[in-house]
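Topology and contacts: notes
This is what each chain is made of:
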Amino acid sequence: MFNYLHGGNFERAMERYDISLDEIIDFSANINPLGISPKIKEVLVKNIDQLSCYPDPECKEAKKEISRYFKIDYENIILGNGSTELIYLIVQTLKAKKVLIPIPTFCEYERALNNNNVSINFYKLKEKQEFLISINEIISQLVGIDLVFLCNPNNPTGTFLPRKEMLTLVKEIQRRKIFLVLDEAFIDLHEEESFVKEVKNYDHLIILRSLTKFFGLPGLRIGFGVSSSELIKKLEVQKIPWGVNYLAQIAVREVLRDEKFISKSRFFLLKEKEFLYRELSNIKGLKAYKPSANFVFLKLLGNISSEKLKEQLAKKGILIRDCSNFRGLEKEKFIRIAVRTRKENLKLLEQLKIILM
Ligand SMILES: Cc1ncc(COP(=O)(O)O)c(C=O)c1O
């Protein structure tokens with residue numbers, strides 16, 4: 001069987017724990033718990049008949065909308081079937097020889113590089129430094145490197161490198177003519193920190209953004225990349241046609257105009273993230289890391305393993321992410337929990353207290 005590496009796998013959970021779909025509360029994938037905006041639902045249903053047509057291979061209208069909303073130029077944007085497609089596309093197009101990846105982090109960078117037989121140097125973030133990236137350490141590892149993957153906020157640790165420090169790194173990487181892929185899939189709560197507008201100044205910078213998490217549309221598959229127009233052209237040449245389906249393109253156009261949904265989601269997630277972090281910090285047997293995105297990273301301090309905890313919670317319909325398969329993390333010790341609604345968060349907290357205290 002294909003070894004699926006991520007959270008959010010309902011099919012497997014239902015089969016393994018003998019639970020039904022409506023019993024599941026999914027804390028294992030970091031998706032907006034407010035669900036799909038009602039406006040999007042309406043538009044998708046209205047346009048369902050358009051599935052009998054091929055989607056626009058250039059995604060023109062969706063790109064125009066991204067350009068308007070994020071205030072970036074049209075020719076600096078590429079759309080993908082989720083930002084995951086773009087990770088693979090970038091690796092295929094850049095043909096890097098040696099890549100640096102700070103770990104633990106999102107595993108698809110490594111998979112894409114392995115599929116293309118690219119050599120990887122891993123830079124292990126230190127638990128005693130709370131898994132924070134040290135700019136000096138990363139700069140000291142750049143010799144012989146032609147591409148760096150950096151996830152900010154980082155999945156699974158939730159750590160965040162503020163704009164000022166990131167700028168030092170971006171400048172140094174640019175000076176050395178190394179490509180930097182900055183994955184901002186989880187930056188929506190801190191939009192002002194994003195580097196999407198910086199691609200004008202740094203032609204070796206590629207920003208990845210996802211529209212599946214904050215906008216709650218993982219099943220639709222939609223993400224985008226921002227880079228210099230030259231690099232975007234190269235990526236477009238390599239891309240499979242019609243990779244972004246018709247409904248996904250429609251959704252982009254609508255979701256970025258849904259100001260009400262955006263501000264409600266941002267306000268809700270910022271507040272609920274703090275609540276969940278505070279409550280988790282008070283549970284004996286857990287160390288909670290300060291979150292910067294819509295999930296909390298936790299270390300289990302007692303004897304229970306992450307696998308055992310995951311199983312016990314799953315039997316109650318609560319899915320969490322066991323982080324044992326993240327490279328660079330001690331196995332059986334770390335978990336990741338998405339921020340969900342207050343009612344769901346309280347249910348999780350109650351069960352955690354029963355199991356751990
Ligand atoms: C850090 C990070 N980047 C990118 C992705 C891919 O997201 P998508 O392909 O749904 O846009 C994920 C998914 O979990 C992720 O965690």
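Definitions and limits used
- Residues numbered from 1 in each chain as written.
- Predicted model: local features only at pLDDT ≥ 70, side-chain atom pairs only at ≥ 80, totals over all residues.
- Heavy atoms only, no water.
- UniProt positions renumbered as here; feature names shortened; annotations may be inferred.
- Helix = DSSP H or I, 4+ residues; strand = E, 2+ residues; numbered from the N terminus.
- Rg over C-alpha atoms; globule rule 2.2 N^0.38 Å.
- Buried < 20%, exposed > 50% of the residue type's maximum accessible area, 1.4 Å probe, protein only.
- Contact = heavy atoms within 4.5 Å.
- Areas by Shrake-Rupley, 256 points an atom, 1.4 Å probe, with all protein chains shown as cover.
- Lys, Arg positive; Asp, Glu negative; His and termini not counted.
- Charge placed at Lys NZ, Arg CZ, Asp CG, Glu CD.
- Near = heavy atom within 4 Å.
- Polar contact = N/O pair within 3.5 Å; in protein donor to acceptor, adjacent residues only side chain to side chain.
- Nonpolar A, V, L, I, M, F, W, Y, C, P; charged D, E, K, R; others polar.
- Core = buried A, V, L, I, M, F, W, Y, C linked by side-chain atoms within 4.5 Å.
- Domains from an automatic or database assignment.
- Axes fitted to C-alpha atoms, helices over the stretch in contact; angles between N-to-C directions.
- Parallel < 35°, antiparallel > 145°, perpendicular 65-115°, else oblique.
- Left-handed = near helix turned anticlockwise from the far one by under 90°.
- Expected span 1.5 Å × (residues − 1).
- Salt bridge = Lys/Arg side-chain N within 4 Å of Asp/Glu carboxyl O.
- Pairing = 2+ DSSP bridges.

In the nomenclature of an unreviewed UniProt entry, the protein chain is known as threonine-phosphate decarboxylase of Candidatus Infernicultor aquiphilus. Under the UniProt heading Function (unreviewed entry), the entry covering the protein chain gives this text: "Decarboxylates L-threonine-O-3-phosphate to yield (R)-1-amino-2-propanol O-2-phosphate, the precursor for the linkage between the nucleotide loop and the corrin ring in cobalamin." Within the UniProt record for the protein chain, the comment given under Catalytic activity (unreviewed entry) is "O-phospho-L-threonine + H(+) = (R)-1-aminopropan-2-yl phosphate + CO2".

1. Brief notes about the overall build of the protein chain
Across its full length, the protein chain holds twelve helices and 13 strands. Whereas a compact globule of 357 residues would reach a radius of gyration of roughly 21 Å, the protein chain reaches 20 Å, a difference of no more than 12%. The dimensions of the protein chain, computed from C-alpha atoms along their principal axes, are 55 × 55 × 40 Å. Relative to its full complement of 357 residues, the protein chain shows a buried share of 57%. Residue pairs at least 24 apart in sequence account for 70% of intrachain contacts in the protein chain once pairs closer than 6 positions are excluded. Total accessible area on the protein chain stands at roughly 16,300 Å², and carbon and sulfur atoms take up 52% of it. Side-chain charges in the protein chain split into 57 positive and 46 negative, and the spacing between the mean points of these groups amounts to 3 Å.

2. Things to note about the site of the ligand
Around the ligand sit 13 residues in total, of which Thr84, Asp183, Ser210, Lys213 and Arg221 are the nearest. Take Ser210: an N or O atom from its side chain is 2.7 Å from an oxygen atom of the ligand. Between Thr212 and the ligand, the recorded distance is 2.9 Å, taken from a side-chain N or O atom to an oxygen atom. Across the complex, the protein chains shield 91% of the 390 Å² of accessible surface that the ligand would expose by itself. The element contributing the most residues to the shell around the ligand is helix α4 (residues 82-94), with three residues. Partitioned by chemical class, the residues of the shell around the ligand number four nonpolar, six polar and three charged.

3. Points about the nonpolar core
Leu79, Leu280, Ile337 and Leu352 are the most contacted members of the largest nonpolar core, which has 86 residues in total. When residues of this core are assigned to domains, at least three map to each of domain 1 (10-30 + 260-356) and domain 2 (38-257). With sequence-adjacent residues up to four places away left out, Leu79 is seen in contact with Cys59, Ala62, Lys63, Ile66, Leu86, Ile222, Gly223, Phe224, Lys239, Val244 and Val252. Ile78, Tyr88, Val99 and Ile120 belong to the second largest nonpolar core, which has 27 residues in total.

4. Considering the packing of helix α3 (residues 60-70) against helix α9 (residues 246-255)
In contact at an axis separation of 8 Å, α3 and α9 are set at 25° when each is read in the N-to-C sense. Judged by the angle between their axes, α3 and α9 are roughly parallel. With respect to the hand of their crossing, α3 and α9 are arranged in left-handed fashion. Only Gln249, Val252 and Arg253 of α9 make contact with α3, whose side of the interface consists of Glu61, Ala62, Glu65 and Ile66.

5. Considerations on α4
Relative to the 18 Å expected for 13 residues at 1.5 Å per residue, α4 spans 19 Å between its end C-alpha atoms, a close match to the ideal helical length. Every buried residue belonging to α4 is among Gly82, Ser83, Glu85, Leu86, Ile87, Tyr88, Leu89, Ile90, Val91, Thr93 and Leu94, and all of these are buried. Positive phi appears at Lys95, one or two residues downstream of α4, with a value of about 50°.

6. Some words on the side chain of Asn47
As for its placement among the helices and strands, Asn47 is situated in the loop between α2 (38-46) and α3. Among the residues examined, Asn47 registers a relative accessible area of 18% and is labelled buried. Not counting the four nearest positions on each side in its chain, Asn47 is found in contact with Tyr246, Leu247 and Ile250.

7. Thoughts on the pattern of salt bridges
The tally for this structure, following the rule as stated, stands at 25 salt bridges. Asp73 is the salt-bridge partner of Lys200, the closest N and O atoms lying 2.9 Å from each other. Of the two residues, Lys200 is situated in the loop between β6 (179-183) and β7 (205-210) and Asp73 in the loop between α3 and β2 (77-80); the sequence distance between them amounts to 127 residues. In this structure, Glu127 engages Lys299 in a salt bridge whose closest nitrogen and oxygen atoms are separated by 2.7 Å. Remark: Lys299 occurs in strand β10 (residues 295-300) and Glu127 occurs in the loop between β4 (119-124) and α6 (135-140); sequence separation between them is 172 residues. Through salt bridges with shared partners, a single ionic network connects Arg16, Glu307, Lys310 and Glu311.

8. Notes on the sheet that holds strand β9 (residues 286-288)
The four strands are arranged β9-β10-β13-β12 in an open sheet whose pairing can be described as antiparallel. At either end of the open sheet lies a strand with only one pairing partner, and these are β9 and β12 (321-322). Sheet analysis places β10 next to strand β13 (residues 334-338), joined by five bridges and oriented antiparallel. Counted as the bridge partner of Lys299 is Phe334 from β13.

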